[in-house]
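Architecture at a glance
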Amino acid sequence: MFRSVNSMIQGLSAEGMVFSSSEQSHTGQYAPADAEWNYKDVPHLKEIHNQVEGIPGAITTDYWVGFFMQKIGPVQVPITVFNYGADPLSNVYFGAIGPFALIISTNWQDNGNSTTTVVTQYNLGSARYLRWMHGIVHKVLARNYKVLMEADTPMRLRRGALRARGYKFAGDETGHGFIETINLQTVGVVPPTSAQPFSWVSELEQLPQGSTFVGTDDVGGVRVVRQQDKVLVFPRVCLHAGASLDDAKIEGDCVICPWHGKRTQPLAVLLDAKPVSIDNSRGVAIRVENCALFIDGSLTL
């Protein structure tokens, strides 16, 4: 059983605490399921957010409990946090920051035009003699919300853009859980059956240094990277959750997902115009003939 926000406020108020509240909201072109996934997605805290680091103590499908190491200016402040999914359309955080109790409720609703509105309410409690500080804390919370949304919103919008192309995601029908997000090897992206194949060819000596993007920034394309005499071919989308890999860094011949840090092996590695390794098992057929690179995407994943 999880207690409601009002029930917790009533319990703390009975102990002499006074509460104030403030509200922030965001509307964007993404599905309610994308908001739910975002709030329950544990691994992105480490990769996406510079101001907060999540240190889990216990994780289940229904809740996450641990510490947020929150940066406030130059100082890192540990915050005890309990985070649970109240229902499929809401999420609740509660914890303590020094003498303050903080209960955060977030609700999302489908606007019916491929957009979703997410409303976050901050409920701040303290002893009565600290009531004068509430306004300051709410301003800090508003500033922190803006920073968080600058990182989270592009993730939601990316999934919304993929949905507009016919993509679906694991959890759309069943809902999302906290612990399920931990396994980076799961395939959470479901491409549309109507996706079109692609075909591309280039003389290897004509291939420029750096990245060349073929096709679309989803399963309908690849990223060809030339590093001096080495050529690497990568997918353009991370099939774990849908992140674009177009600008993702390459480390040790792997492309690193910017959302969760998942390392994806190249589809092909060429050295001195000769194939070192080619993996044609991921819906893309790659071959080298007469010093030319041929890539055909069947999109059968």
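See the structure shown above.
Residues numbered from 1 in each chain as written. Predicted model: local features only at pLDDT ≥ 70, side-chain atom pairs only at ≥ 80, totals over all residues. Heavy atoms only, no water.

Moving on, we get to the overall build of the protein. For the protein, the helix and strand inventory stands at four helices and 20 strands. Dimensions of the protein, computed from C-alpha atoms along their principal axes, come out at roughly 80 × 40 × 30 Å. Per-residue burial over the protein gives 46% buried out of 301 residues. Put simply, 51% of the contacts in the protein that link residues at least 6 apart link residues at least 24 apart. Put simply, the protein shows about 15,000 Å² of open surface, and 54% of that area lies on carbon and sulfur atoms. Averaging the locations of the 25 positively and 28 negatively charged side chains of the protein gives two centres separated by 6 Å. (Helix = DSSP H or I, 4+ residues; strand = E, 2+ residues; numbered from the N terminus. Buried < 20%, exposed > 50% of the residue type's maximum accessible area, 1.4 Å probe, protein only. Contact = heavy atoms within 4.5 Å. Areas by Shrake-Rupley, 256 points an atom, 1.4 Å probe, with all protein chains shown as cover. Lys, Arg positive; Asp, Glu negative; His and termini not counted. Charge placed at Lys NZ, Arg CZ, Asp CG, Glu CD.)

Attention shifts here to the packing of aromatic side chains. Scanning all chains against the criterion turns up 11 aromatic pairs. Between Trp37 and Trp259, the aromatic rings sit 5.6 Å apart at their centres with planes inclined by 45°, giving tilted as the arrangement. With a gap of 222 residues between them, Trp37 in helix H2 (residues 32-40) and Trp259 in the loop between strand S15 (254-256) and strand S16 (263-264) connect regions that are remote in the sequence. Look at Trp37 and you get buried, because its relative accessible area is 5%. Judged by relative accessible area, Trp259 falls into the buried class, the value being 8%. Among the aromatic residues, those joined into a ring-pair cluster are Phe2, Tyr63, Phe82, Tyr84 and Phe94. Residue placement shows Arg287 over the ring face of Phe294; its charged tip is 4.3 Å from the ring centre. (Phe/Tyr/Trp six-rings, centres within 6.5 Å; stacked < 30°, edge-to-face > 60°. Lys NZ or Arg CZ within 6 Å of the ring centre and 35° of its normal.)

Turning our attention to the side chain of Lys40. Relative to the helices and strands, Lys40 resides in helix H2. Separated by 3.0 Å, the side chain of Lys40 and the backbone oxygen of His176 make a polar contact. (Polar contact = N/O pair within 3.5 Å; in protein donor to acceptor, adjacent residues only side chain to side chain.)

What the largest pocket holds in volume is close to 860 Å³. Lining the largest pocket we find 42 residues, and of these Phe68, Gln70, Ile104, Asn144 and Leu148 sit closest to its centre. Residue assignment for the lining of the largest pocket shows that the elements contributing at least two residues are H2, helix H3 (44-48), strand S3 (63-72), strand S4 (75-87), strand S5 (90-97), strand S6 (100-110), strand S7 (116-127) and helix H4 (134-164). In terms of residues, the lining of the largest pocket owes the most to one element, H4, which gives 10 residues. Grouping the amino acids of the lining of the largest pocket by side-chain chemistry returns 25 nonpolar, 12 polar and five charged. (1 Å grid on protein atoms, 1.4 Å probe; cavity = no way out; pocket = protein on both sides within 12 Å on 5 of 7 lines; lining within 4 Å. Points joined across faces, edges and corners; volume = space filled by probe spheres on them. Nonpolar A, V, L, I, M, F, W, Y, C, P; charged D, E, K, R; others polar.)

With their axes 10 Å apart at the nearest point, H2 and H4 run at an angle of 140° to one another. When the axis of H2 is compared with that of H4, the two are oblique. When the axes of H2 and H4 are compared, the crossing they make is right-handed. The residues of H4 that touch H2, namely those facing Ala33, Asp34, Trp37, Asn38 and Tyr39, are Met149, Asp152, Met155, Arg156, Arg159, Gly160 and Arg163. Counted by class, the contact of H2 with H4 contains five nonpolar, two polar and five charged residues. (Axes fitted to C-alpha atoms, helices over the stretch in contact; angles between N-to-C directions. Parallel < 35°, antiparallel > 145°, perpendicular 65-115°, else oblique. Left-handed = near helix turned anticlockwise from the far one by under 90°.)

A separate point is the pairing of S4. Bridge count for S3 against S4 is 10 bridges, and the pairing is antiparallel. Counterpart to Val65 in the pairing with S4 is Phe82. Linking S3 to S4, which pair antiparallel, is a turn of two residues; within it Gly73 sits at a positive phi near 65°. Here S4 folds back onto S5 in antiparallel fashion, the turn holding two residues. (Pairing = 2+ DSSP bridges.)

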